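# Chains, contacts and geometry: an overview
Each chain, written out:
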Amino acid sequence: MGSVKGDFMATVSKKEVVAAVLPFQEHWLPLTNLDLLLPPLDVGLFFCYKKPNPSMSFGSMVSVLKNALAQALLSYYPFAGEVVLNALGEPELLCNNRGVDFFEAYADIELQSLNLYNPDETIEGKFVPKKKHGVLSVQATGLKCGGIVVACAFDHRVADAYSTNMFLVSWAEIAQSKPVTMAPSFRRSLLNPRRPWRIDPSLDDMYVSIPSLPPPEENPEPTDHLISRIYYVSADQLNELQSLSSSNGAKRTKLESFSAFLWKMVATCGGKDSDQVSKMGIVVDGRSRLGEGDQDKSNLMGFHFGNVLSIPYGSQTVGELVEKPLCLVAEQVHDFLKPAMTKEHFLGLIDWVEAHRPEPAMTRVYCAGKDDGPALVVSSGQRFPVSKMDFGWGLPAFGSYHFPWGGLCGYVMPLPSPVRDGDWVVYMLLLKGHLELIEKEAANVFRPLTADYLHL
């Protein structure tokens, strides 16, 4: 299997299934109500490593990865299972130690020559495996320079980024024979609905039952499509955005400030007319909120494996977003985020899903039609463990999530820079026309990721 897209080939030479090192009793693990809000979507991620010093062969590195993976799957056994639909059509997790498809590949390119700014050309279909079976797939790709790219694809219905980050760190710790610092918790009862349900009507504005949506509009010739790019944003620029977004004694977070700036930029670039409504959603993790007031629950939620996410969003006409100063847009971002950052919001969301089961549901921000204004979701990836992913041959020179999906709603994930504290690396999946205009209008903020910046 080879690829010539992006001026180099990546060829898979071997595939095997890596199962947990010890057998375990086959059992079913129900997905929680918060898991059920996720569509059947595979998420990719990858880490790029320079040639090890002292030198290690590709075969030796692969052996370390496989052996550690087989051990890690003992604790993270959902990743070795399969998602199966039950009689109601809802997904459930069959923990049967089916194992993880593990691919070995070779790419005839050097790490410093990889155009990481354009992952559609260099990462997609080459380094991140297409998951065909199970919950997780892994690919290790040797490079011409002696470096290696380690990439995964996983089923988002089973795990969010927080859960996957825990697994990745454990995998690396096991590879170095270090004590494992995080043991996952699968106590589903922590996310059980209440009796009786207590559902705030505002949740009907945030989430929608999929069968109640109108049929998708036929749009055989889309005028634009989503593309992926990776940029870096300097700490100085982030501080300036935060300063401009804060006013009247209210200091906005860097994420609020960045999101507000991006929302304004997308509206400026992408609105066909000023009356179109643009939506901006921000992913909120509920672990710390659900543990409030109960130390034992707080400890368990900190290790909970699964999805504990909500995506509140704001709506505004393109004209208003363009005209408003950044500080007022940032205030609006803060205001739509605030109600979702509470224990009651997540308990209510669990109840809301229970009231609509078995009908599948989704966040409304993703329901972007061709006549709507621009829509995007921002998800903070600041916990991405690029600084902890040493399998025994050094830390990665670079790492990122990567998940180009269909539809019209954009997705943006700011990640920690591997080379400069305070900088962000930003994975952006937006409409091609929007990105081209953002690069033109905000070139001082969004700078294409280069080998020079990463010291490759």
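Residues numbered from 1 in each chain as written. Predicted model: local features only at pLDDT ≥ 70, side-chain atom pairs only at ≥ 80, totals over all residues. Heavy atoms only, no water.

### Considerations on a nonpolar patch on the surface
A surface patch of nonpolar side chains, about 250 Å² in accessible area, is lined by Val 21, Leu 22 and Leu 74. As for its position among the elements, Val 21 is in the loop between β1 (10–18) and β2 (27–29). What makes Val 21 partly exposed here is its relative accessible area of 48%. (Patch = residues over 30% accessible without salt bridge, like charges linked within 9 Å, V, L, I, M, F, W, Y side chains within 5 Å. Areas by Shrake-Rupley, 256 points an atom, 1.4 Å probe, with all protein chains shown as cover. Salt bridge = Lys/Arg side-chain N within 4 Å of Asp/Glu carboxyl O. Helix = DSSP H or I, 4+ residues; strand = E, 2+ residues; numbered from the N terminus. Buried < 20%, exposed > 50% of the residue type's maximum accessible area, 1.4 Å probe, protein only.)

### A look at helix α3 (residues 161–175)
Its 15 residues place the ends of α3 21 Å apart at the C-alpha level, agreeing with the 21 Å of an ideal helix rising 1.5 Å per residue. With 14 of its 15 residues buried, α3 lies for the most part within the structure. The first or second residue beyond α3 is Ser 177, which carries a positive phi of 60°. (Expected span 1.5 Å × (residues − 1).)

### A short note on the pairing of strand β3 (residues 42–49)
Most of β3 sits out of view: seven of its eight residues are buried. Pairing analysis gives eight bridges linking β3 to strand β8 (residues 148–155), with the strands arranged antiparallel. The partner of Phe 47 across the bridge, within β8, is Val 150. (Pairing = 2+ DSSP bridges.)

### Observations regarding the environment of Pro 374
With respect to the element layout, Pro 374 can be found in the loop between β15 (361–363) and β16 (375–378). A residue is classified by how much of its surface remains accessible, and Pro 374, at 7% relative accessible area, is buried.

### Some points on the packing of helix α5 (residues 235–245) against helix α10 (residues 326–337)
Contact geometry of α5 with α10 gives a least axis separation of 7 Å together with a crossing angle of 85°. Between α5 and α10, the angle is such that the two are roughly perpendicular. Of the residues in α10, those touching α5 at Leu 241, Leu 244 and Ser 245 are Leu 326, Cys 327 and Ala 330. (Axes fitted to C-alpha atoms, helices over the stretch in contact; angles between N-to-C directions. Parallel < 35°, antiparallel > 145°, perpendicular 65-115°, else oblique. Contact = heavy atoms within 4.5 Å.)

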